[in-house]
Amino acid sequence: MSAPVYVVLGAGPGLGLGVARRFAREGYLSVLAARLAEPAEALATTLRDEGHEADGVGVDLTDPDDVTEVVRGVGERHGRIDVLHFHPSAWRERDPLHLSVPELLEDVALGAGALLPAVQAARPFMRNGARVLVTGSAAADTPWHGAASLGVQKAAVRNLVTSLDATLAPDGIRAVAVQINGVLDKEGPFSPVPIADAMWHAVSRADEGWTPHVPYDG
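Not measured: the values here are computed from a predicted model. (Residues numbered from 1 in each chain as written. Predicted model: local features only at pLDDT ≥ 70, side-chain atom pairs only at ≥ 80, totals over all residues. Heavy atoms only, no water.)

Enquirer: How do you make sense of the environment of Val31 when you look at a structure like this?
Expert: Locating Val31 in the fold gives a position in strand S2 (residues 29-34). As a C-alpha pair, Val31 and Ala114 span 83 residues in sequence and 17 Å in three-dimensional space. Setting aside chain neighbours within four positions, we find Val31 in contact with Val5, Tyr6, Val7, Val8, Asp55, Val57, Val74 and His78. (Helix = DSSP H or I, 4+ residues; strand = E, 2+ residues; numbered from the N terminus. Contact = heavy atoms within 4.5 Å.)

Enquirer: Before we go on, may I ask you to explain helix H6 (residues 148-168) in this structure?
Expert: Think of an α-helix as 3.6 residues a turn; residues three or four steps apart then line up on the same face. For H6, built from 21 residues, the straight-helix expectation of 30 Å at 1.5 Å per residue is met to within 8% by its first-to-last C-alpha distance of 31 Å. Of all the residues in H6, the buried ones are Ala148, Ser149, Leu150, Gly151, Gln153, Lys154, Val157, Leu160, Val161, Leu164, Asp165 and Leu168. Buried residues along H6 sit in contact with strand S4 (83-86), helix H4 (101-113), helix H5 (115-122), strand S5 (131-137), strand S6 (174-180) and strand S7 (213-216). (Expected span 1.5 Å × (residues − 1). Buried < 20%, exposed > 50% of the residue type's maximum accessible area, 1.4 Å probe, protein only.)

Enquirer: Can you walk me through the packing of aromatic side chains in this structure?
Expert: The geometry of an aromatic ring pair is captured by two quantities: the separation of the ring centres and the angle between the planes. By the definition in use, this model includes six aromatic pairs. Both rings, one in Phe23 and one in Tyr28, keep their centres 5.3 Å apart while their planes meet at 90 degrees; by these two values the pair is edge-to-face. Each of the two residues, Phe23 as well as Tyr28, counts as buried. Centroid distance Phe23 to Trp200: 5.2 Å. Interplanar angle 80 degrees. Geometry classified as edge-to-face. On the criterion of sequence distance, the pair formed by Phe23 in helix H1 (residues 15-25) and Trp200 in helix H7 (residues 192-203) is long-range, its members being 177 residues apart. Neither residue differs from the other here; Phe23 and Trp200 are each classed as buried. The ring of Trp210 carries the charged tip of Arg205 above its face, separated from the ring centre by 3.8 Å. (Phe/Tyr/Trp six-rings, centres within 6.5 Å; stacked < 30°, edge-to-face > 60°. Lys NZ or Arg CZ within 6 Å of the ring centre and 35° of its normal.)

Enquirer: I keep staring at the pairing of S6 and nothing clicks. Help me out?
Expert: The two faces of a sheet get side chains in turn, since along a regular strand they alternate between them. Most of S6 is tucked away, with seven of its seven residues classed as buried. Side-chain alternation along S6 places Arg174, Val176, Val178 and Ile180 on one buried face and Ala175, Ala177 and Gln179 on a second face that is also buried. In this structure, S5 lies alongside S6, joined through seven bridges in parallel fashion. Note that in S6 the partner of Gly136 across the bridge is Gln179. Note that S6 and S7 share four bridges and pair parallel. From the neighbouring strand, Val178 faces S7, where its bridge partner is Val214. Tracing the backbone out of S6, into H7 and back to the parallel element S7 gives a crossover that is left-handed. (Pairing = 2+ DSSP bridges. Right-handed = clockwise from strand over helix to strand, strands pointing away.)

Enquirer: Explain the nonpolar core to me, please; I cannot follow it from the model alone.
Expert: What tends to happen in soluble globular proteins is that the nonpolar side chains get buried as a cluster. Leu9, Ile81 and Leu115 are the most contacted members of the largest nonpolar core, which has 39 residues in total. What Leu115 contacts, discounting residues up to four positions off in sequence, is Phe86, Val132, Val134, Val157, Leu160, Val161 and Leu164. Residues Ala11, Leu32, Ala54 and Val176 belong to the second largest nonpolar core, which totals 30 residues. (Core = buried A, V, L, I, M, F, W, Y, C linked by side-chain atoms within 4.5 Å.)

Enquirer: Could you clarify how one ought to interpret the sheet that holds S7 in this entry?
Expert: Strand-to-strand pairing in sheets goes through backbone hydrogen bonds, with the strands running parallel or antiparallel. Ordered in space as S3-S2-S1-S4-S5-S6-S7, the seven strands form an open sheet in which the pairing is parallel. Lying at the two open borders of the sheet, with one neighbouring strand each, are strand S3 (54-58) and S7. For this sheet, the mean angle separating the axes of adjacent strands, direction not counted, is 20 degrees. Inspection of the sheet shows strand S1 (residues 5-9) paired to S2 by five bridges, in the parallel sense. Bridge pairing in S2 places Leu9 opposite Ala33. (Axes fitted to C-alpha atoms, helices over the stretch in contact; angles between N-to-C directions.)

Enquirer: What exactly am I supposed to notice about the side chain of Asp107 here?
Expert: Tracing the backbone shows Asp107 in helix H4. Asp107 gets classed as buried once you look at its relative accessible area, which sits at 3%. For Asp107, the contacting residues outside a window of four places in its chain are Ala90, Arg92, Ser149 and Gln153.

Listed below in structure tokens is the structure:
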């Protein structure tokens, strides 16, 4: 049987790479998808240099058709998708008096809406036991007014995870948002390594007693 496949959308050199590394340590083939193919491949090379299996792909998360094509392509190449990790968010420093409706909708389309075509494309390749993982944020509950769209994105994607989990559960597939209740840092409890551990434990839980939201408080 081929290795399980972990796909992260919105990968970067910090937490995105850290979580991919954590799954790679568990024997997963990691596919890192970033906006441009070159930096995505550089992240994959980092994991390959550490002895892991990894691929890098470019994806435009603002384009539902491209999301569909890329995720479907991963599934077709590897025959399975075991963990689909949705990691992106849009950071825009606009308070509610200066944030326009088009800007808000653009940010929500990236930080929440792109999850829909991703899961829809991945579903044919997800078996019983597969997981949808979403990077959540305390901004869902305590948004900073100076970047008002971020809180809306995180509240929206958390809500969407609840619906996804209920929809997928009858087929043995579960969805979870891990809400990071702190500021990301290079070291300490909110650095990539401990957060990646929390995300691994969130998706590797048994179905019994499953909850679609897991807080990470450091």
